[in-house]
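Listed below are the residues making up each chain.
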Amino acid sequence: AGIDEAKALAAKKYPQILVIPGYEWTTQRAHMNLLFPPHLSQADLSAAITPPSVDPSDEEIRRVIARVHELGGIATLNHVPWTNESYPGRQPATRQFHEWGVDYIEIINVDRWDQASYDFIQGSEIDAISGTDMHRPGPAYGWTLLKTDAFDAQSLFDALLEGDTELVYLPEGTPYPFAHATNPTPNPTYTALRPLIAIGDYFTQLTWPVIRTGELLILLAWIYAVFLVVELIRFLVSRSGNPHK
């Protein structure tokens, strides 16, 4: 939903940043980046690509890759090791993504190098790409090098289409000697809701990216134990208040 706003903001205030429209197609079987020609708008992409189901079939994944290509776009497979660890046995094999026509595989994700995927793409039509996966400011570990004579979004996208990439990997990360200012005055609404937010964060940890059944059962056991203790206290208080009972 922020594609048009991001383009306008970069053009007006940050010309050193190039914006290519796209988004991460996130499911419990695979995470993919879908990148599109710079001229496409938010409305174009909303009409062309439907939100994914939580558990897409192989055919749905294949159709999405094909639809991206119909729009002149690029499909990348993200952080293969992370997905395999987070959703054991759920992600299709890398060879299947190769058969379905994926264009890139993310070899560097944050500070992690995926040697198995790097070995797989050697001699194939798939190219290597890096991703910071940066959710907040911090060090960078990987870069994707592209050959282009011009620094504009279309030239960059054309270079991605060519697929002639090289990677730079810095395992120790770049220095990040910055301390970000924080608001010294807490937001009163956030402070009031913080306990509920903490409970929500806890349940998120138990259910994402996979449901932790054992830990959920332990949580239910604790809730039931507290309930029994409260009922026992109520019973003892009622007995002490009315000795004839």
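Attention in this report is confined to the structure presented alongside it. (Residues numbered from 1 in each chain as written. Predicted model: local features only at pLDDT ≥ 70, side-chain atom pairs only at ≥ 80, totals over all residues. Heavy atoms only, no water.)

## Structural notes on the overall build of the protein
Per the secondary structure count, the protein includes nine helices and eight strands. Relative to the globule expectation of 18 Å for 245 residues, the C-alpha radius of gyration of the protein, 25 Å, shows a markedly less compact shape. Expressed as lengths along the three principal axes of its C-alpha atoms, the size of the protein is roughly 95 × 45 × 40 Å. Taking all 245 residues of the protein together, the buried fraction comes to 29%. (Helix = DSSP H or I, 4+ residues; strand = E, 2+ residues; numbered from the N terminus. Rg over C-alpha atoms; globule rule 2.2 N^0.38 Å. Buried < 20%, exposed > 50% of the residue type's maximum accessible area, 1.4 Å probe, protein only.)

## Considering helix H7 (residues 153–162)
When H7 is considered as a whole, its buried residues turn out to be Ala 153, Ser 155, Phe 157, Ala 159 and Leu 160. Looking at the buried positions of H7, the neighbouring elements they touch are strand E2 (31–35), strand E3 (74–77), strand E4 (104–109) and strand E6 (127–131). In this structure Asp 152 caps H7, since a side-chain oxygen of it lies 3.2 Å from the backbone nitrogen of Gln 154. Of the residues flanking the end of H7, it is Gly 163, one or two places downstream, whose phi is positive at about 80°. (Contact = heavy atoms within 4.5 Å. Polar contact = N/O pair within 3.5 Å; in protein donor to acceptor, adjacent residues only side chain to side chain.)

## Some points on the layout of surface pockets
In this structure, the largest pocket spans a volume of roughly 960 Å³. If you trace the largest pocket, you find 29 residues lining it, with Asn 33, Leu 35, Ile 129, Ser 130 and Gly 131 closest to the centre. Elements represented by at least two residues in the lining of the largest pocket include exactly strand E1 (22–26), E2, E4, E6, strand E7 (142–145) and H7. Among the elements that line the lining of the largest pocket, the one with the most residues is E7, at four residues. Here the lining of the largest pocket is composed, by residue class, of 15 nonpolar, 11 polar and three charged. Its boundaries defined by the atoms lining it, the second largest pocket holds a volume of some 350 Å³. Around the second largest pocket, the lining comprises 17 residues; the ones closest to its centre are Asn 109, Val 110, Asp 133, Met 134 and His 135. Of the residues that constitute the lining of the second largest pocket, the class distribution is seven nonpolar, seven polar and three charged. (1 Å grid on protein atoms, 1.4 Å probe; cavity = no way out; pocket = protein on both sides within 12 Å on 5 of 7 lines; lining within 4 Å. Points joined across faces, edges and corners; volume = space filled by probe spheres on them. Nonpolar A, V, L, I, M, F, W, Y, C, P; charged D, E, K, R; others polar.)

## Details of the pattern of salt bridges
Evaluated as defined, the whole model comprises seven salt bridges. A salt bridge links Arg 90 to Asp 55; the shortest N-O distance between them is 2.4 Å. Note that Arg 90 is positioned in the loop between helix H4 (80–86) and helix H5 (94–100) and Asp 55 in the loop between helix H2 (42–48) and helix H3 (58–70), a separation of 35 residues in sequence. Linking Glu 70 and Arg 67 is a salt bridge whose minimum nitrogen-to-oxygen distance equals 3.0 Å. Taken together, the residues span about one helical turn, with Glu 70 and Arg 67 both in helix H3 at a distance of three residues. (Salt bridge = Lys/Arg side-chain N within 4 Å of Asp/Glu carboxyl O.)

## Regarding the pairing of E3
Neither face of E3 is open: one carries Ile 74 and Thr 76, the other Ala 75 and Leu 77, and all of them are buried. By the bridge criterion, two bridges tie E3 to E4 in an arrangement that is parallel. Of the residues in E4, the one forming a bridge with Leu 77 is Ile 105. (Pairing = 2+ DSSP bridges.)

## Quick notes on the side chain of Thr 76
Position of Thr 76 relative to the elements: it lies in strand E3. The class of Thr 76 is buried, set by a relative accessible area of 2%. Here Asn 78 takes part through its side chain, which lies 3.1 Å from a polar atom of the side chain of Thr 76. Residues contacting Thr 76, with those up to four places away along its chain left out, are His 31, Met 32, Asn 33, Leu 35, Val 102, Tyr 104 and Ile 129.

## Considering the nonpolar core
Grouped together as the largest cluster of nonpolar side chains are 25 residues, with contacts concentrated most on Met 32, Leu 34, Leu 77 and Phe 97. Residue assignment for this core shows that the elements contributing at least two residues are E2, H2, H3, E3, H5 and E4. By residue number, the principal contributor to this core is H3, which donates four residues. Apart from the residues lying within four places of it in its own chain, the contact partners of Met 32 are Tyr 23, Glu 24, Trp 25, Ile 61, Ile 65, Ala 75, Thr 76, Leu 77, Asn 78, Phe 97 and Val 102. (Core = buried A, V, L, I, M, F, W, Y, C linked by side-chain atoms within 4.5 Å.)

## Quick word on the packing of aromatic side chains
According to the stated counting rule, one finds eight aromatic pairs in the structure shown. Ring centres 5.2 Å apart and planes at 50° place the aromatic pair Trp 113 and Tyr 118 in the tilted group. Centroid distance Trp 113 to Tyr 169: 5.4 Å. Interplanar angle 40°. Geometry classified as tilted. Pair noted here: Trp 113 is in strand E5 (residues 112–113) and Tyr 169 is in strand E8 (residues 166–169), with a separation of 56 residues, a long-range link. Overall, Tyr 169 belongs to the partly exposed group, its relative accessible area being 29%. (Phe/Tyr/Trp six-rings, centres within 6.5 Å; stacked < 30°, edge-to-face > 60°.)

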